[in-house]
Amino acid sequence: MIAVLAVASLFAGVGGALYAQSSVIEGTARDAETGEPISYLNVVARGESDWFGASANDAGQFRIAGLPAGAYLVQATAIGYESAEQRVQVEAGVTRSVTFELTPQAYDLNEVVVLAEEGQSASATTIHRVPAAAIERQDAADVSELAKLIPATHVATNSRGQTILYFRNAGDRQVGQFFDGALVNVPWDNRVDISLFPAGVIESVTAAKGVVPVQYGTNVIGGAINFQSRTLSSSEIEGDAGRITEVSGQLGTAAHRQASVVHLGRAGRWDYTAAVQYTERGDQPLPAD
């Protein structure tokens with residue numbers, strides 16, 4: 001009985017010594033643009049043979065305990081942010097602190113397809129997105145000329161001089177047209193003149209055809225299209241402010257003239273976009289006979 005107790009005491013002493021020599025990595029994670037804490041992100045410390053993980057609390061604080069001494073690659077990931085990593089060397093029984101500043105990241109996701117079970121019916125929505133690179137290559141004067149980038153889409157100008165976008169098999173009052181998520185259709189007749197929006201202020205276009213989600217509201221039985229305005233990129237912002245102005249001009253055949261000034265800026269948490277554009281076009285030349 002005495003020998004058993006002695007062995008048990010020996011193991012307890014060894015276990016306590018090993019635990020006392022373990023190391024800790026703790027820290028915080030913040031949004032690189034706003035400085036706000038990032039809640040519940042995942043943090044992983046990868047060693048030579050083992051790895052350890054933890055999640056941050058609602059204040060963006062995390063703690064990984066029980067680490068053997070050595071070198072670790074600490075990685076932080078969160079939905080909506082670019083991942084970040086740091087190399088940390090920890091000594092036995094020492095607590096090391098790290099701080100992560102994660103940059104927000106936009107995701108371009110594919111459409112969600114819902115399949116009906118047997119005996120049920122389902123409606124399909126086709127989502128088409130036009131990225132900034134395609135818009136820049138189009139060299140359009142206004143957003144009406146961006147319809148060429150969306151399949152089964154065309155524009156027409158009615159007797160009132162309104163340039164309206166149509167999806168295939170949809171009427172002129174059945175397509176909801178949005179700018180930064182705000183409906184721009186005139187309520188009394190549900191029409192809009194999209195030629196009033198210069199193409200130089202557009203970052204991307206998202207078109208939803210068919211039976212669209214209820215978030216688009218009423219009178220969108222033919223679909224919906226959203227024009228997203230341009231904002232400054234993170235590389236163009238110093239601190240919480242920045243601005244950039246672009247000036248462009250064009251001359252072409254058939255008395256084509258165009259000049260535009262686009263200004264993008266940020267002040268604190270506010271992004272603003274302004275544009276002035278002049279476009280003139282003469283008669284279109286036709287071949288002889």
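Since we're looking at a predicted model, the values are computed, not measured.

Details of unusual backbone geometry
Trans is the common state for peptide bonds, and a negative phi is the common state for residues other than glycine.
Here's step 1: Phi at A152 takes a positive value of approximately 55°, unusual for a residue other than glycine.
Here's step 2: Of note, A152 is situated in the loop between α2 (132-138) and β9 (153-157).
Here's step 3: At D180, a position not held by glycine, the phi torsion is positive, near 55°.
Here's step 4: Mapping D180 onto the fold places it in the loop between β11 (175-179) and β12 (182-183).

Let's talk about the pattern of salt bridges
Here's step 1: On inspection of all chains with the given rule, the structure shows 8 salt bridges.
Here's step 2: Residue R30 is joined to E101 by a salt bridge in which the shortest nitrogen-to-oxygen separation is 3.2 Å. With R30 in strand β1 (residues 23-31) and E101 in strand β7 (residues 95-102), the pair connects residues that are 71 residues apart, well separated along the chain.
Here's step 3: The exposure class of R30 is partly exposed, given its relative accessible area of 31%.
Here's step 4: Between D189 and R191 there is a salt bridge, with the nearest N and O atoms lying 3.6 Å from each other.

So, the pairing of strand β16 (residues 256-267)
Here's step 1: Strand direction decides the pairing type here: strand β15 (residues 241-252) and β16, joined by 12 bridges, are antiparallel. Bridging across to β16, L251 finds its partner in R257.
Here's step 2: Here β16 folds back onto strand β17 (residues 270-280), and the loop between the two strands holds 2 residues, one of which, G268, carries a positive phi near 70°.

Notes on the layout of surface pockets
Here's step 1: Taken as a whole, the largest pocket encloses approximately 740 Å³ of empty space.
Here's step 2: Taken together, 28 residues form the lining of the largest pocket, with Q105, A106, E203, S204 and T231 sitting closest to its centre.
Here's step 3: Only β8 (125-130), β13 (202-210), β14 (223-229), β15 and β16 provide two or more residues apiece to the lining of the largest pocket.
Here's step 4: Put simply, the second largest pocket is a space of about 450 Å³.
Here's step 5: Surrounding the second largest pocket, 18 residues form its lining, E136, A199, G200, R230 and E246 being those nearest its centre.
Here's step 6: Taken together, the elements giving at least two residues each to the lining of the second largest pocket come down to α2, β13, β15 and β16.
Here's step 7: Ranked by residues supplied to the lining of the second largest pocket, first place goes to β15 with 4 residues.
Here's step 8: Here the lining of the second largest pocket is built from residues that sort into 7 nonpolar, 6 polar and 5 charged.

Some thoughts on the confidence of the model for the chain
Here's step 1: Scored by pLDDT, the chain has a mean of 81; 87% of the residues are at 70 or more.
Here's step 2: Contacts from residues 4-19, a stretch scored under 50 in pLDDT, to residues over four places away or in other chains number 0 contacts.

Topic: the packing of aromatic side chains
Here's step 1: Throughout the structure, instances matching the rule amount to 3 aromatic pairs.
Here's step 2: Ring geometry for F179 versus F197: centroids 5.2 Å apart, planes at 15°, classification stacked. Highlighted residues: F179 in strand β11 and F197 in the loop between β12 and β13, separated in sequence by 18 residues.
Here's step 3: The exposure class assigned to F179 is partly exposed, which follows from its relative accessible area of 22%.

Cut-offs applied
- Residues numbered from 1 in each chain as written.
- Predicted model: local features only at pLDDT ≥ 70, side-chain atom pairs only at ≥ 80, totals over all residues.
- Heavy atoms only, no water.
- Helix = DSSP H or I, 4+ residues; strand = E, 2+ residues; numbered from the N terminus.
- Salt bridge = Lys/Arg side-chain N within 4 Å of Asp/Glu carboxyl O.
- Buried < 20%, exposed > 50% of the residue type's maximum accessible area, 1.4 Å probe, protein only.
- Pairing = 2+ DSSP bridges.
- 1 Å grid on protein atoms, 1.4 Å probe; cavity = no way out; pocket = protein on both sides within 12 Å on 5 of 7 lines; lining within 4 Å.
- Points joined across faces, edges and corners; volume = space filled by probe spheres on them.
- Nonpolar A, V, L, I, M, F, W, Y, C, P; charged D, E, K, R; others polar.
- pLDDT = per-residue confidence, 0-100.
- Contact = heavy atoms within 4.5 Å.
- Phe/Tyr/Trp six-rings, centres within 6.5 Å; stacked < 30°, edge-to-face > 60°.

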